[in-house]
Amino acid sequence: MRFVNPIPFVSDIARSKVFYRDLLGLKILNDFGNFVLFDTGFAIHEGKSLEQTIWGKSSETSASYGRRNVLLYFEHEDVDAAYAAIAPHVDLIHPVEEQEWGQRVFRFYDPDGHAVEIGEPQ
């Protein structure tokens, strides 16, 4: 067995596709309409349709899918350049900071409230 990838539920697949493709610079490998796979292995899925697939029905709630319980982690060779390009367009959790293990990272929320971290390679 091998782990393949996380698939965050998103409320608006078009908005999230633009966010991850245009703002974060991920390249789309396959776009199936309600499911988008990026060439990094990261994927997003339209939440209501995935709820239907998994549980046989969509939830009645309009609560955000991001619930402060998962961190989506990405690396960038130039974390300062990534911060300059991304920070003006997102709800920041914090700017670039050095972590206790020595890595520099910044964190923010995606359009569905999922926490995202961009770090320099270890």
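Refer to the preceding data block for the structure.
The structure contained in this document is the topic of the report that follows. (Residues numbered from 1 in each chain as written. Predicted model: local features only at pLDDT ≥ 70, side-chain atom pairs only at ≥ 80, totals over all residues. Heavy atoms only, no water.)

**Structural notes on the side chain of R107**
Its location among the elements puts R107 in strand β7 (residues 104-109). Polar contacts involving the side chain of R107 include one to the side chain of Q99, which spans 3.3 Å. Setting aside chain neighbours within four positions, we find R107 in contact with L71, L92, I93, H94, Q99, W101, V116 and E117. (Helix = DSSP H or I, 4+ residues; strand = E, 2+ residues; numbered from the N terminus. Polar contact = N/O pair within 3.5 Å; in protein donor to acceptor, adjacent residues only side chain to side chain. Contact = heavy atoms within 4.5 Å.)

**Here's the deal with the sheet that holds strand β5 (residues 71-75)**
Spatially, four strands are ordered β5-β8-β7-β6 in an open sheet, and the strand pairing comes out mixed. Edge strands, defined here as strands with exactly one partner in the open sheet, are β5 and β6 (91-98). Neighbour-to-neighbour, the strand axes of this sheet turn through a mean angle of 15°, independent of strand direction. Bridging between β6 and β7 involves five bridges; their strand directions are antiparallel. Within β7, the position partnered with D91 by the bridge is Y109. Sheet strands in contact with helix α3 (residues 79-86) are β6, β7 and β8 (115-119), and its direction is about 20° off that of β7. (Pairing = 2+ DSSP bridges. Axes fitted to C-alpha atoms, helices over the stretch in contact; angles between N-to-C directions.)

**Quick notes on the packing of aromatic side chains**
The final tally for this structure, using the stated rule, is 12 aromatic pairs. Each ring, one from Y20 and one from F74, has its centre 6.4 Å from the other, and the planes form 40°; the classification is tilted. Of this pair, Y20 sits in helix α1 (residues 13-23) while F74 sits in strand β5, and the two are 54 residues apart along the sequence. Across the pair, F74 and Y20 agree in class, each one buried. Centroid distance F42 to F74: 5.2 Å. Interplanar angle 75°. Geometry classified as edge-to-face. Separated by 32 residues along the polypeptide, F42 in the loop between β3 (35-38) and β4 (43-46) and F74 in strand β5 bring together distant segments of the chain. (Phe/Tyr/Trp six-rings, centres within 6.5 Å; stacked < 30°, edge-to-face > 60°. Buried < 20%, exposed > 50% of the residue type's maximum accessible area, 1.4 Å probe, protein only.)

Purely spatial values, then, with no claim about function.
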